[in-house]
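Okay, here's what each chain looks like letter by letter:
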Amino acid sequence: MESVSGPEPTLFTALTAPPSLFPIPEGLQCGVCLGLAVNPVEAHNCRHLFCRDCLTASVKRKKECPVCCKPLTATQILESAAARRKMEALHVRCGYYVDGCTWTGKYRDFARHQQHCEVAEVTCPFSARGCTVVTTRNALSDHMHECSVTARCAEECATLTRELQVLRRESEHRFVWAIDNVEALRDASRGMLCSRAFMAHSVEWCLKVHPGTSLGVFLVPVSHSNRALFTLTLFNANEERNRICDIDDWPVSSTEGWGVSAFIRAEYLRSSSFVVDGGVTVGAVIHGLMDG
């Protein structure tokens, strides 16, 4: 008997900035922006679907559904689990397919792919210091060897030199923070030390160090309430001895950040392979945002 196969599933194109799909899947369009319903929510009384941010902002202006004008308050905005499940199950390809990316998969896995896509556009990690280069992830390490802005700054800045040394040997696009004078941070009475802000998944983050005999390192959201799946790294002069910690258990109740309370242990602070010129270097890779 001849086998009968069903139709091929629609292959949607996943875009990153802002997050979207092309074409917009049926039943997943926001009633305000008419794009993909990002972090989908629905109105309690009429079940119209929206982006969480779109509907929250609309209800602040006028307490009604933007589609049908039925009364609606902020407490009547509901998470749409059905829409989220439908969205996460969609078969998608990377938006950089036009540049050669061959990845396809479920939309739920797209955020992690973004952090590794070899042909995705990335900015120089030292853009805040004046470098304007935008390149692809697979060409970033080559740029770090040629970047005139960072090379010029590194000549007079030992901290930047340590960051640059890490970035030149890393193939993965990550945030790197060289922390000076770690001996002073062993005084638990000192306040927390905060890094410069950096962008990942279209929002800002920073790293914070909690002083003490051992140093805690935490990822902190800047002006938003997202949680993330991320990896912390404490860099060693020998790459094979880097301390690496994957973090996937950020609880909903922790809105001020999450990390490892003794990430830089006391014995590391006594090691010349971790401590260089009186400082240590840590890194963070954000793999994706968590639900809720």
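Computed from a prediction, not measured in an experiment: that's the story for all the values here. (Residues numbered from 1 in each chain as written. Predicted model: local features only at pLDDT ≥ 70, side-chain atom pairs only at ≥ 80, totals over all residues. Heavy atoms only, no water.)

Asks: Hey, could you go over the environment of Asn 45 for me, with residue numbers and the actual values?
Replies: Residue placement: Asn 45 occurs in the loop between strand S3 (40-43) and strand S4 (49-51). Sequence separation between Asn 45 and Gln 76 is 31 residues; the distance between their C-alpha atoms is 7.9 Å. (Helix = DSSP H or I, 4+ residues; strand = E, 2+ residues; numbered from the N terminus.)

Asks: I'd like to hear about the sheet that holds strand S18 (residues 280-289), residue by residue, with values.
Replies: Within the open sheet, the four strands sit side by side as S10-S18-S15-S16. Their pairing is antiparallel. Pairing within the sheet leaves two strands with one partner each, and these edge strands are strand S10 (175-179) and strand S16 (243-247). Averaged over all pairs of adjacent strands, the angle between their axes in this sheet comes to 15°, without regard to strand direction. (Pairing = 2+ DSSP bridges. Axes fitted to C-alpha atoms, helices over the stretch in contact; angles between N-to-C directions.)

Asks: Could you give an account of the side chain of Thr 233, with specific residues and numbers?
Replies: Structurally, the position occupied by Thr 233 is in strand S15 (residues 228-234). Residue class for Thr 233 comes out buried when judged on its relative accessible area of 3%. For Thr 233, the contacting residues outside a window of four places in its chain are Arg 174, Asn 242, Arg 243, Ile 244, Phe 263, Thr 281, Val 282 and Gly 283. (Buried < 20%, exposed > 50% of the residue type's maximum accessible area, 1.4 Å probe, protein only. Contact = heavy atoms within 4.5 Å.)

Asks: Lay out unusual backbone geometry in plain terms, naming residues and giving numbers.
Replies: Phe 22 connects to Pro 23 through a cis peptide bond whose omega is -10°. In this structure, Asn 39 takes a positive phi of about 50° despite not being glycine. Take Asn 39: it is sitting in the loop between strand S2 (20-22) and S3. When its relative accessible area of 29% is taken as the criterion, Asn 39 is described as partly exposed. Unusually for a residue other than glycine, Ser 223 sits at a positive phi of about 60°. Checked against the element boundaries, Ser 223 lands in the loop between strand S14 (215-222) and S15.

Asks: Now, about the sheet that holds S3: what can you tell me, with residues and values included?
Replies: Read across the open sheet, the three strands follow the order S4-S3-S5; overall the sheet is antiparallel. Strands with a single pairing partner mark the edges of an open sheet, and in this sheet they are S4 and strand S5 (77-79). Neighbour to neighbour, the strand axes of the sheet diverge by 45° on average, direction disregarded. Inspection of the sheet shows S3 paired to S5 by three bridges, in the antiparallel sense. Among the inter-strand pairings, Val 41 is bridged to a residue of S5, identified as Glu 79. Running at roughly 95° to S4, helix H1 (residues 52-61) makes contact with S3, S4 and S5 of the sheet. The sheet strands contacting helix H2 (residues 81-88) are S3, S4 and S5, and the helix crosses S3 at an angle near 150°.

Asks: Hey, could you go over the nonpolar core for me, with residue numbers and the actual values?
Replies: One finds Trp 205, Leu 207, Leu 219, Leu 232 and Ile 264 to be the most contacted residues of the largest nonpolar core, which totals 32 residues. Breaking this core down by element, the ones donating at least two residues are S10, strand S12 (198-200), strand S13 (203-210), S14, S15, strand S17 (258-264), helix H7 (266-269) and S18. Not counting residues within four places of it along the chain, the set of residues in contact with Leu 219 comprises Phe 198, Trp 205, Cys 206, Leu 207, Ala 228, Phe 230, Trp 250, Gly 257, Trp 258 and Ile 286. By size, the runner-up hydrophobic cluster in this structure holds 31 residues, among which are Cys 30, Val 41, Phe 50 and Leu 55. (Core = buried A, V, L, I, M, F, W, Y, C linked by side-chain atoms within 4.5 Å.)

Asks: Run through the pattern of salt bridges, naming residues and quoting values.
Replies: According to the stated counting rule, one finds four salt bridges in the structure shown. Notably, a salt bridge pairs Arg 265 with Glu 267, separated by 3.0 Å at the nearest N-O pair. The class of Arg 265 is partly exposed, set by a relative accessible area of 31%. (Salt bridge = Lys/Arg side-chain N within 4 Å of Asp/Glu carboxyl O.)

Asks: Describe the confidence of the model for the protein, and please don't skip the residues or the numbers.
Replies: Confidence in the prediction for the protein averages 85 pLDDT; 87% of positions are at 70 or higher. Put simply, helix H6 (residues 158-169) is where the protein has its lowest mean pLDDT, 63, and S4 is where it has its highest, 96. (pLDDT = per-residue confidence, 0-100.)

Asks: How would you explain the pairing of S3 if you had to name every residue and give the values?
Replies: Remark: a regular strand shows side chains that alternate across the two faces of the sheet. Alternating residues of S3 divide into Pro 40 and Glu 42 and Val 41 and Ala 43, and every residue in both groups is buried. Linkage of S3 to S4, two consecutive antiparallel strands, is achieved through a turn of five residues, within which Arg 47 is found at a positive phi near 65°.

Asks: Describe the environment of Glu 204, with residues and values.
Replies: Turning to its location among the elements, Glu 204 is positioned in strand S13. The exposure class assigned to Glu 204 is partly exposed, which follows from its relative accessible area of 34%. Along the backbone, Glu 204 and Pro 221 are 17 residues apart, and their C-alpha atoms lie at a distance of 6.4 Å. Residues contacting Glu 204, with those up to four places away along its chain left out, are Ala 197, Phe 198, Met 199, Pro 221, Val 222 and His 224.

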